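Each chain, written out:
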Amino acid sequence: MTQTKQPLKVFLVALIGILSLVIIRFSALRSNVTPTTATAVTVIPIPFPVEIMDAKGVTMRLVPAGDFIMGSDDDMARDAQPAHTVTLPDFYMDIYEVTRARYKECVTAGICSEAENVPIVDSFYAGPEYPMSSIDWDKARVYCETWRGAHLPSEAEWEKAARGTDGRTYPWGEEFDSSYVKLVADSSGDFLGNVGSYEKGKSPYGLYDMAGSVWEWTSAPLTVYPGNQGDHSYYRETDRVLRGGSWYSPDHYVLSTWFRFASFTGDNSGYTGFRCAKDAP
């Protein structure tokens, strides 16, 4: 038995020696390693596309994040006084007002309700690229939110999309030009025409018909601007603001980017329309 264990004992001693040498060598190597400094990674934000097409095939334009001048110090501005700075995140806005053809798609799908203040429905849709009109606030909201997955623009979103960041009075600049907006009836007596017909009337972000055509619903009630000293007794929380003027309101001030008009949510007059906005992803 003693002779059998002797070789095993020698083997184990040798193995332990070898392992000790390996451990010593590994420790020496580790002590000679120079620590590396972590390299800082610079994350470059990817800009949002200037133009997108949503799931319903509607083209929208980017309104970049940042400050803009909202309101006006003009003597005629009244409830739009004073001019003040507002900051908004990135968002998208429809290039065109919602057309009758686009709204009809929603009606056909069973999501939207038919316009009610329309004497002959078939004749109403005979102008498919005319802006949707005779539409109340709730119907416009359902179209934007439920059908499009978007929303009616806030008052601030609408104004920035219309005037940009330089505080301009009209979507195209400072000087009023009646050739940039439809204000008179055509030979058939119709005050409306196809959306996007006035190239020179575009806003800084390439949006059409933000002056004239139809009044556009926003999501906002008529609220008091910070610092406004006017009469607020007629403000009603149940009303919603409309922007942009219309063929029915051709006054230069009414067609300005800052003019505010509010009406009850059930207003489906022939001059009410809308467009949709969408948060940037």
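This text goes with the structure placed above it.
Given the structure is predicted, the values throughout are model-derived calculations rather than measurements.

Each value, and the rule that gives it
- Residues numbered from 1 in each chain as written.
- Predicted model: local features only at pLDDT ≥ 70, side-chain atom pairs only at ≥ 80, totals over all residues.
- Heavy atoms only, no water.
- Buried < 20%, exposed > 50% of the residue type's maximum accessible area, 1.4 Å probe, protein only.
- Helix = DSSP H or I, 4+ residues; strand = E, 2+ residues; numbered from the N terminus.
- Arc of directions from axis to C-beta.
- Contact = heavy atoms within 4.5 Å.
- Pairing = 2+ DSSP bridges.
- Salt bridge = Lys/Arg side-chain N within 4 Å of Asp/Glu carboxyl O.
- Axes fitted to C-alpha atoms, helices over the stretch in contact; angles between N-to-C directions.
- Polar contact = N/O pair within 3.5 Å; in protein donor to acceptor, adjacent residues only side chain to side chain.
- Disulfide = S-S within 2.5 Å.

Trainee: An account of helix H2 (residues 100-108) is needed here, citing residue identities and associated values.
Mentor: Residues of H2 that are buried: Arg100, Tyr103, Cys106 and Val107. Along H2, the residues classed as buried sweep out an arc of 120 degrees about the axis, all on the same side. Residues of H2 that are buried sit in contact with helix H3 (121-124) and helix H4 (137-147).

Trainee: Requested: an account of the pairing of strand S5 (residues 91-94), with residues and values cited.
Mentor: Burial along S5 is two-sided: the residues Phe91 and Met93 and Tyr92 and Asp94 are all buried. One ladder, built from four bridges, connects strand S2 (residues 59-63) with S5; its direction is antiparallel. Residue pairing across strands places Leu62 opposite Tyr92, the latter belonging to S5. In the sheet, S5 pairs with strand S10 (residues 277-279) via three bridges, with the strands oriented antiparallel. Paired with Phe91 across the bridge in S10 is Asp279.

Trainee: Describe the pattern of salt bridges, listing the residues and the values that go with them.
Mentor: In this structure the tally under the stated criterion is 17 salt bridges. Between Asp138 and Arg141 there is a salt bridge; the shortest N-O distance is 3.7 Å. Placement of the pair is Asp138 and Arg141 together in helix H4, with a separation of three residues, close to one helical turn. Residue Arg260 is joined to Glu155 by a salt bridge in which the shortest nitrogen-to-oxygen separation is 2.6 Å. Taken together, the residues Arg260 in the loop between strand S7 (239-243) and strand S8 (261-264) and Glu155 in helix H5 (residues 155-163) connect sequence positions 105 residues apart. One continuous salt-bridge network, built from bridges that share partners, spans Glu155, Glu159, Arg163, Arg243 and Arg260.

Trainee: So what about unusual backbone geometry? Which residues, and what values?
Mentor: With an omega of -10 degrees, the peptide bond between Gln81 and Pro82 qualifies as cis. Following the sequence through the fold, Pro82 ends up in the loop between strand S3 (66-70) and strand S4 (84-88). Despite not being glycine, Arg78 shows a phi value in the positive range, around 55 degrees. With respect to the helices and strands, Arg78 occurs in the loop between S3 and S4. Under the relative-accessibility criterion, Arg78 is labelled exposed at 58%. Of note, the phi angle at Asp209 is positive, near 60 degrees, even though the residue is not glycine. Of note, Asp209 is situated in the loop between H5 and strand S6 (215-217). Judged by its relative accessible area of 8%, Asp209 is buried.

Trainee: Just give me the short version of the sheet that holds S5, but keep the residues and values in it.
Mentor: Reading across the sheet, the four strands line up as S1-S2-S5-S10 and stay open at both edges, with antiparallel pairing between neighbours. Where the open sheet ends on each side, the last strands, each with one partner, are strand S1 (51-53) and S10. Shown here is a sheet whose adjacent strand axes are inclined to one another by a mean of 30 degrees, direction ignored.

Trainee: Residue-level account of the side chain of Ser72, with values.
Mentor: Within the fold, Ser72 resides in the loop between S3 and S4. Among the polar contacts listed, one links the side chain of Ser72 to the backbone nitrogen of Asp74, at a separation of 3.0 Å. Not counting the four nearest positions on each side in its chain, Ser72 is found in contact with Ala77, Ala80, Gln81, Pro82, Ala83 and Trp258.

Trainee: So what about the state of the cysteines? Which residues, and what values?
Mentor: Summed over all chains, the structure comprises two disulfides. Between Cys106 and Cys112 runs a disulfide, and the two sulfur atoms are separated by 2.0 Å. One quick way to see it: the torsion about the S-S bond of Cys106 and Cys112 is about 75 degrees, and its sign makes the bridge right-handed. The class for Cys106 is buried, based on a relative accessible area of 0%. Between the sulfur atoms of Cys144 and its disulfide partner Cys276 the distance amounts to 2.1 Å. Around the S-S axis, the bridge from Cys144 to Cys276 shows a dihedral of about -85 degrees and counts as left-handed. Of this pair, Cys144 sits in helix H4 while Cys276 sits in the loop between strand S9 (272-273) and S10, placing them 132 residues apart in sequence.

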